[in-house]
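So you can see what is in the structure, the chains are spelled out below.
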Amino acid sequence: MTARALTVLGATGSIGLNTLNVMARHPDKYRAVALSANTDVQKMLGLCREHRPRYAVMRDEAAAGQLRDALKGASLNIEVMSGEQGLREVATLPEVDTVMAAIVGAAGLLPTLAAAQAGKRILLANKEALVMSGALFMDSVKKHGAQLLPVDSEHNAIFQCLPPTFGDGLERIGVKRILLTASGGPFRTRELASLHEVTPDQACAHPNWEMGRKISVDSATMMNKGLELIEACWLFNATTDTVQVIVHPQSVIHSMVEYVDGSVLAQLGTPDMRTPIANALAWPERIDAGVSGLDLLRVGRLDFEPPDFARFPCLRLAYDAISAGGAATTVLNAANEVAVDAFLKRKLPFTAIASVIEHTLGRIHGTSAEVLEQILEADERARREARAFVAATMGH
Ligand code: NAD
Ligand code: MG
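Residues numbered from 1 in each chain as written. Chains lettered and ligands numbered in written order. Predicted model: local features only at pLDDT ≥ 70, side-chain atom pairs only at ≥ 80, totals over all residues. Heavy atoms only, no water.

Asks: Looking at this structure, I do not really get unusual backbone geometry. What am I missing?
Replies: Peptide bonds are trans in most cases, and residues, glycine excluded, mostly fall at negative phi. A cis amide bond, omega 5°, links Trp-283 with the succeeding residue Pro-284. With respect to the helices and strands, the residue Pro-284 is situated in the loop between α11 (274-282) and α12 (296-299). With a phi angle near 45°, Arg-52 is a residue other than glycine that sits in the positive phi range. Mapped onto the elements, Arg-52 comes out in the loop between α2 (41-51) and β3 (55-58). (Helix = DSSP H or I, 4+ residues; strand = E, 2+ residues; numbered from the N terminus.)

Have a look at this one:
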C-alpha cells in the first residue's frame, strides 16, 4: 500500500500537532505533502524540518517571505505559498488524497469547502466551517464524492457507534437518540456571581482537555456544545429532537447512540485527541495513536447531569439559532468569534460573550444560507454588528 498523502491545514495548532504526532508514528502509512499555519514562522520552520512537506502555506506574504528565507538558510527545498489562494491550492492538490481541516474558526471555511469540491477525504476538526455553511457544505461533499470523517471527539465517538449505512437516515438504522456528552468546562460548579471576573487563563484551563484558546473559551461558555449540536445535526442528518446534550464531567464517554431496542452504545477512552485523529486517519482500519490506555478502576465513577441553561446561556442561543434557520448559525458563529476574541484580549468580560451573541442574533434575521455569497455576507454583517456592540458595551 502506498502512503496516504496529506495536507494538514492548521498544522501548528493543537489538532495539527497531534495529527503530525500520530502520522509520524506510521511513516509507512502517512506522508505530509503540505502544511499550513497562520503567522508563526518559527513553529512552521520546525515542522518543515521534521516532516519535510513539499509545500507550506502562511497566512500572508510577509510571513511567507520570512519562511522562504529561513528555509533557504536551512537548505530545505519547500515551496511556500500564502493567503487564501495558497490554502485553496494545497487543499485541492491532485497528489493529496486526505485533508486535515484544523484551522480554527471561519478562516477554515473556504479551504475546507475547496477540499470537498475536489472530492478529498476530509478529516474535519474545523467545526465552525460546518456550523457556518452546513447545507452547502454537506451538498458539496455529496456532489463531489468527498468523504467526511469527524475528528471532533464527540462526533467521532458517534460515528464509531453507528453502522456505516447511517447516511441512509437515522430512523432506518433504528437510532432513537444521540447522546452528545459535554464536560461542562472549568466553570461548571463555580459560583455564578463570580463568573463576570474570570480571566482568559482561567477560562482556558480546561479540566480534561488541552486545546487552542478559542475552543477552550467555547468550552467554558458551553458554546462549544452548541456548535457541536449543530455539527451533529449536519453530520448525521439529525434534529435537535434526536440529539440530547448530557453533561459528563469526567470526559471518559465521548458520546453515545441509543437504539430503538434499548441498546445504548458508547465510545470511551482517555481524553486525548490523538484517538479520534487516529480513527479518522486510518478508518476503517485501526492504528496505534500513542494514547495511554483507559484505566476504569482509576476513573472509578462516571457522572451525568443535565446542562444548566441559566449558567450557560450560549447553549440556549445555539438552540435558538438552529430553530431560526437560514444563516442564523452563521451569525451565531461569527458573533461568538468576535466576542471570544474580545474576551481573550481582555476587552470584554466573560459573561458578556453571550450578550454579544444574543444582540447580534437579534439584529440580523431572515437571512438565507443557500449560496456561499449569502453565507459570507451574513458572516461579515454579524462581525460588524458584534464589534460595534462590544465597543459600545465597553464605552469606547
Ligand atoms: P489552535 O488555535 O491550537 O490552532 C489553530 C490553527 O489554525 C493553527 O495552526 C493556526 O496557525 C491556524 N490559524 C489560525 N487562524 C488562522 C487564519 N486566520 N488563517 C489561517 N490559519 C489560521 O486550535 P485547535 O485547538 O487546534 O482547533 C482547531 C480546530 O479544531 C477548531 O475548529 C476547533 O474547534 C477544532 N477542535 C479542536 C479540538 C482540540 O482538542 N484542540 C477538539 C475538537 C475540535
Ligand atoms: Mg468536541
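Let us keep going from here.
Asks: Honestly, the side chain of Glu-231 in this entry has me stumped. Any pointers?
Replies: Position of Glu-231 among the secondary structure elements: in helix α10 (residues 223-235). Looking at Glu-231, its side chain comes within polar contact range of the side chain of His-155, at 3.2 Å. Apart from the residues lying within four places of it in its own chain, the contact partners of Glu-231 are Leu-124, Lys-127, Leu-130, Asp-152 and His-155. (Polar contact = N/O pair within 3.5 Å; in protein donor to acceptor, adjacent residues only side chain to side chain. Contact = heavy atoms within 4.5 Å.)

Asks: Got a minute to help me understand the packing of aromatic side chains in this structure?
Replies: Centre distance and the angle of the planes are the two values used to describe a pair of aromatic rings. Inspection of every chain in the model, using the stated rule, returns six aromatic pairs. When the centroid spacing of 5.9 Å and the interplanar angle of 85° are considered together, the rings of Phe-159 and Phe-166 count as edge-to-face. We classify Phe-159 as buried; its relative accessible area is 10%. A centroid spacing of 5.2 Å and a plane angle of 85° characterise the contact between Phe-187 and Phe-350, whose relative ring orientation is edge-to-face. Here Phe-350 lies in the loop between α14 (328-344) and α15 (352-363) and Phe-187 lies in the loop between β8 (175-182) and α8 (200-204), a separation of 163 residues in the sequence. (Phe/Tyr/Trp six-rings, centres within 6.5 Å; stacked < 30°, edge-to-face > 60°. Buried < 20%, exposed > 50% of the residue type's maximum accessible area, 1.4 Å probe, protein only.)

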